[in-house]
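The primary structure of each chain is shown beneath.
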Amino acid sequence: MTRFRLLLLVLAQLFISPGLTPRVAEAAVSHCAGARVSVIHAEPAAAEAVCAAVGDALAFMAAHGFETDLAFLVEVVEEPGIPRTYGSYDRRGIRIEVLSPAACRRRGGGRLFGLELNPALYRSIVVHEVAHLVARFNGEDALRDVAGQEYIAFTVQLGTLPEPLLERVLSRYDQPAFARETEITALLHALSPEVFAVKAWRHFGQPGHGAAFYRHLLTRPSGRRPGP
């Protein structure tokens, strides 16, 4: 373990100790069973949804080669710290901020991937941010590009959806998988994040990709341009 990662673990343990006091008086702190993760929330249902999403994300990522024994905090908020987002993660690796279900419905017109926002899709929003944090911890030197980060976050997000819901999402898009790594760009993500997500998932599922492509993203030299 690098000194940087060890420092993150120490900071996280201090930051989310059981005696943590919420920033907002009416908020509470819950601790996710089976994980070193705490949730600041205004209602128990939000904490339950977040903890379920955390469990889904960590299980999927552990199965695909990520180190997931991490300590961090998730704060459920009504207004995002970064405008026009559902959530964000602290690049120090110790905190995630995600909108409440009600705030997500207000922000996105109540829809995600063209479907009405339901509990499973809400959990997938949390999964996306957890994936960012875990990926950054596993490859802080290699994952400096937006496209690589988003590839991981979106494939984990889609990979943890219930199968019938995943099929409904995929059926709404006819775009094929990325044909080569050079197509995985921050520009496409900025123009159409949902199309980027579907193309990434279809690429991820092809033979020779999956966990092997995650390892490639995590270990390629910093600053290296994508290959063919």
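These numbers come from a predicted model, not from an experiment.

Criteria and thresholds
Residues numbered from 1 in each chain as written. Predicted model: local features only at pLDDT ≥ 70, side-chain atom pairs only at ≥ 80, totals over all residues. Heavy atoms only, no water. pLDDT = per-residue confidence, 0-100. Contact = heavy atoms within 4.5 Å. 1 Å grid on protein atoms, 1.4 Å probe; cavity = no way out; pocket = protein on both sides within 12 Å on 5 of 7 lines; lining within 4 Å. Points joined across faces, edges and corners; volume = space filled by probe spheres on them. Helix = DSSP H or I, 4+ residues; strand = E, 2+ residues; numbered from the N terminus. Nonpolar A, V, L, I, M, F, W, Y, C, P; charged D, E, K, R; others polar. Buried < 20%, exposed > 50% of the residue type's maximum accessible area, 1.4 Å probe, protein only. Pairing = 2+ DSSP bridges. Axes fitted to C-alpha atoms, helices over the stretch in contact; angles between N-to-C directions. Parallel < 35°, antiparallel > 145°, perpendicular 65-115°, else oblique. Left-handed = near helix turned anticlockwise from the far one by under 90°.

## A word on the confidence of the model for the protein chain
Piece 1. Looking at the protein chain, pLDDT values average 86 and 83% of them are 70 or higher.
Piece 2. Scored below 50 in pLDDT, residues 1-25 makes 45 contacts in the model with residues more than four places away or belonging to other chains.

## A few points about the layout of surface pockets
Piece 1. In this structure, the largest pocket occupies an estimated 740 Å³ of space.
Piece 2. Taken together, 28 residues make up the lining of the largest pocket; nearest its centre are Thr85, His128, Glu129, Glu150 and His189.
Piece 3. Among the elements of the structure, strand S4 (87-89), strand S6 (111-112), helix H4 (119-138), helix H5 (146-159), helix H7 (186-191) and helix H8 (193-204) are those that each provide at least two residues to the lining of the largest pocket.
Piece 4. Among the residues making up the lining of the largest pocket, the classes are represented as ten nonpolar, eight polar and ten charged.

## Observations concerning the pairing of strand S5 (residues 95-99)
Piece 1. The buried count for S5 comes to five of five residues, which makes it a mostly enclosed element.
Piece 2. Across the two faces of S5 the burial is the same, with Arg95, Glu97 and Leu99 and Ile96 and Val98 all buried.
Piece 3. With five bridges connecting them, strand S3 (residues 71-77) and S5 associate as parallel partners. From the neighbouring strand, Val74 faces S5, where its bridge partner is Ile96.
Piece 4. Looking at chain direction, S4 and S5 are connected through three bridges and run antiparallel.

## Some words on the packing of helix H2 (residues 44-63) against H5
Piece 1. At a closest axis distance of 10 Å, the pairing of H2 and H5 adopts a crossing angle of 110°. The angle between H2 and H5 falls in the class roughly perpendicular. Every pair of crossing elements has a handedness; the one defined by H2 and H5 is right-handed. In this structure, H2 uses Ala57, Phe60 and Met61 to contact H5, whose residues at the interface are Ile152, Thr155, Val156 and Gly159.

## Focus on the sheet that holds strand S1 (residues 28-31)
Piece 1. Read from one edge to the other, the open sheet built from five strands follows the order S1-S2-S3-S5-S4, with strand pairing classed as mixed. A single partner strand is all that each edge strand has here, and the edge strands are S1 and S4. Direction aside, neighbouring strands of the sheet carry axes that sit 15° apart on average.
Piece 2. Of the strands in this sheet, S1, strand S2 (36-41) and S3 are in contact with H2, which crosses S2 at around 150°.
Piece 3. With respect to the sheet, H4 is in contact with S3, S4 and S5, its orientation differing from that of S5 by roughly 160°.

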